[in-house]
Structures are given as C-alpha cells and as structure tokens.
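Take a look at the letters that make up each chain.
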Amino acid sequence: MDESRKVLRVLNGETVFPPPVWLMRQAGRYLPEYRQVRKQAKGFLHLCYTPELAVEVTMQPISRFGFDAAILFSDILVIPDALDRNVRFEEGRGPLMTPIDAEGVARLDGSGFLDHLAPVMETVSRLRSDLPDETTLLGFCGAPWTVATYMIAGHGTPDQAPARRFAYEHPEAFDALIDLLADLSADYLCAQIEAGADAVQIFDSWAGVLGEVEFERYCAAPVAKIIRRVRERHAQAKIIAFAKGAGLLLENYRRRVGSDAVGLDWTVPLSFAKKLQVEGAVQGNLDPVRVVAGGKALDEGVDKILSELGEGPLIFNLGHGITPDADPAHVSQLVKRIRNA
Ligand SMILES: Cc1c2[nH]c(c1CCC(=O)O)Cc1[nH]c(c(CCC(=O)O)c1C)Cc1[nH]c(c(CCC(=O)O)c1C)Cc1[nH]c(c(C)c1CCC(=O)O)C2
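Quick caveat, the model's predicted, so the values are computed rather than measured.

**Focus: the pairing of strand β8 (residues 281-286)**
For a regular strand, side chains alternate in direction, first toward one face of the sheet and then toward the other.
Line of reasoning, step 1. Where burial is concerned, most of β8 is hidden: 6 out of the 6 residues are buried.
Line of reasoning, step 2. As defined by bridge partners, strand β7 (residues 261-263) adjoins β8 across 3 bridges and the pair is classed as parallel. Across the sheet, the residue bridging to Ala261 is Ala281, located in β8.
Line of reasoning, step 3. The parallel pair β7 and β8, bridged by helix α14 (residues 270-277), forms a crossover whose chirality is right-handed.
Line of reasoning, step 4. Where β8 lies against strand β9 (residues 314-318), 5 bridges are found, and the strand directions are parallel. Pairing of Val282 across the sheet is with Leu314, part of β9.

**Details of the side chain of Thr58**
Line of reasoning, step 1. Examined against the element boundaries, Thr58 turns out to sit in helix α4 (residues 51-65).
Line of reasoning, step 2. Polar contacts involving the side chain of Thr58 include one to the main-chain amide nitrogen of Phe73, which spans 3.1 Å.
Line of reasoning, step 3. With sequence-adjacent residues up to four places away left out, Thr58 is seen in contact with Ala70, Ile71, Leu72, Phe73 and Leu127.

**Overview of the pairing of strand β6 (residues 238-243)**
Line of reasoning, step 1. In terms of burial, β6 is a largely internal element, 6 of the 6 residues being buried.
Line of reasoning, step 2. Because side chains alternate across β6, one face comprises the buried residues Lys238, Ile240 and Phe242, and the other comprises Ile239, Ala241 and Ala243, equally buried.
Line of reasoning, step 3. The β-α-β motif built from strand β5 (residues 199-204), the intervening helix α12 (residues 212-233) and the parallel element β6 has right-handed crossover chirality.
Line of reasoning, step 4. With 3 bridges connecting them, β6 and β7 associate as parallel partners.

**A look at the layout of surface pockets**
Line of reasoning, step 1. In this structure, the largest pocket spans a volume of roughly 1,300 Å³.
Line of reasoning, step 2. Put simply, the parts of the chain that give the lining of the largest pocket at least two residues each are α2 (32-40), β2 (88-90), β3 (94-96) and α9 (144-153).
Line of reasoning, step 3. The greatest single-element share of the lining of the largest pocket, amounting to 3 residues, is contributed by α2.
Line of reasoning, step 4. Residues belonging to the lining of the largest pocket are distributed by class as follows: 20 nonpolar, 13 polar and 9 charged.

**Digging into the UniProt feature "domain: Uroporphyrinogen decarboxylase (URO-D)" (unreviewed entry) in the protein**
Line of reasoning, step 1. On the UniProt side, "domain: Uroporphyrinogen decarboxylase (URO-D)" (unreviewed entry) is annotated at positions that read residues 20-29 and 138-154 here.
Line of reasoning, step 2. Note that residues 20-29 is 0% helix and 0% strand, and that its end C-alpha atoms are spaced 23 Å apart.
Line of reasoning, step 3. Secondary structure across residues 138-154 divides into 59% helix and 29% strand, with the first and last C-alpha atoms of the span separated by 28 Å.

**Describing the sheet that holds β6**
Line of reasoning, step 1. Pairing in this open sheet of 7 strands is parallel, and the strands run β1-β4-β5-β6-β7-β8-β9 from one edge to the other. Strands with a single pairing partner mark the edges of an open sheet, and in this sheet they are β1 (69-71) and β9. Neighbour-to-neighbour, the strand axes of this sheet turn through a mean angle of 25 degrees, independent of strand direction.

**As for the nonpolar core**
Line of reasoning, step 1. Counting residues in hydrophobic clusters, the biggest one holds 132 residues, and the most contacted among them are Leu117, Phe174 and Leu334.
Line of reasoning, step 2. Element by element, the count of residues in this core is highest for helix α11 (residues 171-195), at 14 residues.
Line of reasoning, step 3. Sequence-distant contacts of Leu334, defined by excluding residues within four places in its chain, comprise Val21, Leu23, Leu286, Val291, Leu298, Val302, Phe316 and Leu318.

**Here's the deal with the side chain of His330**
Line of reasoning, step 1. Secondary-structure assignment places His330 in helix α17 (residues 328-339).
Line of reasoning, step 2. Among the polar contacts listed, one links the side chain of His330 to the backbone oxygen of Val292, at a separation of 3.3 Å.
Line of reasoning, step 3. Setting aside chain neighbours within four positions, we find His330 in contact with Val291, Val292, Ala293, Gly294 and Leu298.

**Some words on the site of the ligand**
Line of reasoning, step 1. Around the ligand there are 23 residues in total, and Arg25, Arg29, Tyr34, Ser205 and His320 lie nearest to it.
Line of reasoning, step 2. Ala27 places a main-chain nitrogen or oxygen 3.1 Å from an oxygen atom of the ligand.
Line of reasoning, step 3. Relative to its free-state accessible area of 860 Å², the ligand is covered by the protein chains to the extent of 88%.
Line of reasoning, step 4. Because more than half of its atoms lie within 2 Å of the grid, the ligand is assigned to the largest pocket.
Line of reasoning, step 5. For the shell around the ligand, the secondary structure elements donating two or more residues are α2 and β3.
Line of reasoning, step 6. A per-class count over the shell around the ligand returns 14 nonpolar, 5 polar and 4 charged.

**As for the packing of helix α10 (residues 161-169) against α11**
Line of reasoning, step 1. With their axes 5 Å apart at the nearest point, α10 and α11 run at an angle of 120 degrees to one another. Together, Ala163, Phe166, Ala167, Tyr168 and Glu169 of α10 and Pro171, Ala173 and Phe174 of α11 make up the contact between the two elements.
Line of reasoning, step 2. Of the residues belonging to the contact of α10 with α11, the class tally is 7 nonpolar, no polar and 1 charged.

**Brief notes about the state of the cysteines**
Line of reasoning, step 1. Within the structure shown, the criterion is met by 0 disulfides.
Line of reasoning, step 2. Counting only cysteine sulfurs, Cys141 is the nearest neighbor of Cys190, a cysteine outside any disulfide, at a range of 10 Å.
Line of reasoning, step 3. Overall, the relative accessible area of 0% leaves Cys190 in the buried class.
Line of reasoning, step 4. Counting only cysteine sulfurs, Cys141 is the nearest neighbor of Cys219, a cysteine outside any disulfide, at a range of 13 Å.

Definitions and cut-offs
Residues numbered from 1 in each chain as written. Predicted model: local features only at pLDDT ≥ 70, side-chain atom pairs only at ≥ 80, totals over all residues. Heavy atoms only, no water. Buried < 20%, exposed > 50% of the residue type's maximum accessible area, 1.4 Å probe, protein only. Helix = DSSP H or I, 4+ residues; strand = E, 2+ residues; numbered from the N terminus. Pairing = 2+ DSSP bridges. Right-handed = clockwise from strand over helix to strand, strands pointing away. Polar contact = N/O pair within 3.5 Å; in protein donor to acceptor, adjacent residues only side chain to side chain. Contact = heavy atoms within 4.5 Å. 1 Å grid on protein atoms, 1.4 Å probe; cavity = no way out; pocket = protein on both sides within 12 Å on 5 of 7 lines; lining within 4 Å. Points joined across faces, edges and corners; volume = space filled by probe spheres on them. Nonpolar A, V, L, I, M, F, W, Y, C, P; charged D, E, K, R; others polar. UniProt positions renumbered as here; feature names shortened; annotations may be inferred. Axes fitted to C-alpha atoms, helices over the stretch in contact; angles between N-to-C directions. Core = buried A, V, L, I, M, F, W, Y, C linked by side-chain atoms within 4.5 Å. Near = heavy atom within 4 Å. Areas by Shrake-Rupley, 256 points an atom, 1.4 Å probe, with all protein chains shown as cover. Sits in = over half its atoms within 2 Å of the grid points. Disulfide = S-S within 2.5 Å.

Below you can see the structure in the form of structure tokens.
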C-alpha cells in the first residue's frame, strides 16, 4: 500500500487527522467545467464510455479542490445497460430504461457484460496513472437492490414501491434478479480492482425503504456475497458499503457484509456513528444541503462531525451526493475548514 494514500490508511483502521475528504458525486453538474464537457458529449452514457472524457471529468474536482480520493466517473446503471435494458438519461427526467417483468428476468443474459464495460476499465487504468500518487482511486457499483429498483420500475420513483411490490408478488424471480446482479457486480468490482482501483464503494442508495426482513434478504445478504466473492480473488481489497437510510439496521451491517468502512447518511446520529466507529472506519455524513447553504451552517456541520468522529477512523464525506445547486466556493470552504482543523 502507498502510505501517502490517506483514504487507504483510514480503510485499514488508522486514525488520520485532519481526516481525508472526498464527496459523493464530486464530478457533476455543480461544476461549470463538467457542464461544459457534458454539453459536448453525445449523452451521459457516451461520457461514461469514452475514457478520454470520463478521465477528464473525474480529474476536474481533484484539480479544483485537491480531494484525497477520486471516484471513477461512471454510473451504477451501466450494469443494466450492459444487460440490454436500453438505459437513457434525459435532461430533467433522470434515468429511464425498459421495465423488466418476471419473464424478462429469466431471459437476462450476463455473458459478455464485461466486454460492454471494457471502456470503464480503460478509464480506471488511465486514471491510476494520471492521478497524483497520494490520491486514492475509488471504483464503485450499485448494490443489487438499488440497481433492481430502477430495472423494475424503468425509472426513479420516490419510494421504490414497484420493486417492493414485485418482490412480494414474485419472490423467486426477484431472488434470481438480485443473485444475478450480485454475481455481475462482484466480477465488475474485481475488473476495476485489476485495472487499478485502490478501493471500491458499493452504493445501496435505496436501502432505507425496506423492512427488516427484506433488508436482510435483498440488501445485506447480496452485498455480503459480493464482498466475499471479491475477497476470494483479491484478499486485500478495501471496500466501503453505503446503505443509505438504513438507520438502526446499520448496527450489525459492517460485520454482516464484511466491509472495511460503512458509509453514513446525515440522519445517522453522531453518537450512534461513534459506536459504529469502534469496529472500524466510518464515512460521512454531512447533510448535502449544508453545502448549498454555505456560511455558518456549513462550518457548524463540519465542526460537529470533526469533534464527534475525528478521534477515530473517519473519511469525511457528505451523507449523499452533492447537488447541482451547490456553489463550488462552498466546497472550497468545506475542504479548507477540514484541513485547517
Ligand atoms: C442511484 C444512483 C445513480 N447513480 C449513482 C447512484 C448511487 C448514488 C446516489 O444515490 O446518488 C452513482 C453515481 N452516479 C454518478 C457517479 C460518478 C462519480 C461521482 O462523482 O460520484 C456515481 C458514483 C454520475 C452521475 N449520474 C447521473 C449524473 C447526472 C447526469 C448528467 O450529467 O446529465 C451524474 C453526474 C445521473 C443519474 N444516475 C442515477 C440517477 C438517479 C441519476 C439522475 C439524477 C441526477 O441527475 O442526479 C442513478
């Protein structure tokens, strides 16, 4: 391991102060230089599959803010795209794809999906050689549950009711879908690690809409399977698991899934986060709206996290992705506040 990569040191359980920082969705529409490249690309997926452009937008927030980690520019929905679900991103509508039914699940064919994603691995390897030595390179995938919610509905929904209903009505087909996504995700993360990713994050952005039993079956068990399979091939792989909205179910999550770090959203009380930190690194958990607000609201949010969690292994991050209405000047303020702490 490169000792200069602070995010990796924290993932190994070390306390580093001031903590390393990166932001979920740090490459994106709040940056004018991103909007410029996005305008010229032939669509969002074209951006994801063109290594030259994907490298450029991944590097933008690193050059501007000097974050401690870069995250591969891609999307969790490239897996359904590789499964021929006709994924599109339309301005103002979010992601769209052909909704899948139980018969459709039986017809899914995962062979050859890694060939479709070869440009992503090319991006990863170019990034590792372009990035400063001290910058950790993160790969990622969506967790099976979160990816499945979009595949079932065919678009985003406020509560993922279509996927929950599908799981109740067609449990066998749903298990088959989750299982396929877990297998493909493990292969995909291994390919990213082999291409040069230092660590990977598994995004379960919709973990918070499930009851206890379904959370275990559709979130925890498949993420545990992914991590087990990645470690069979890469015993030292460093993994962050982010189950947004999981609340009290986070209590046993790290042990259940076997991750090095757990990501925390901003609703997780810092007193609870501190208990989770006894067992290993935590990542989070500033409310992204504080970055929009700036000023005192931003400083106070940063200070509180540093004072409650700064004495243990912490990767500073937001509790979810930065939003397009955030002012980049507020991001500079956040980074300065942490580094001067
Ligand atoms: C659920 C989810 C998706 N994608 C992702 C998640 C999990 C994290 C989360 O919950 O935010 C993950 C993701 N999406 C993107 C990244 C890139 C790396 C980064 O900078 O963090 C990552 C890690 C780029 C993106 N993915 C998307 C954009 C904006 C599209 C554009 O530029 O037109 C970016 C920069 C599109 C996207 N992609 C997705 C949605 C719902 C949307 C539309 C909403 C939105 O626009 O923010 C699916």
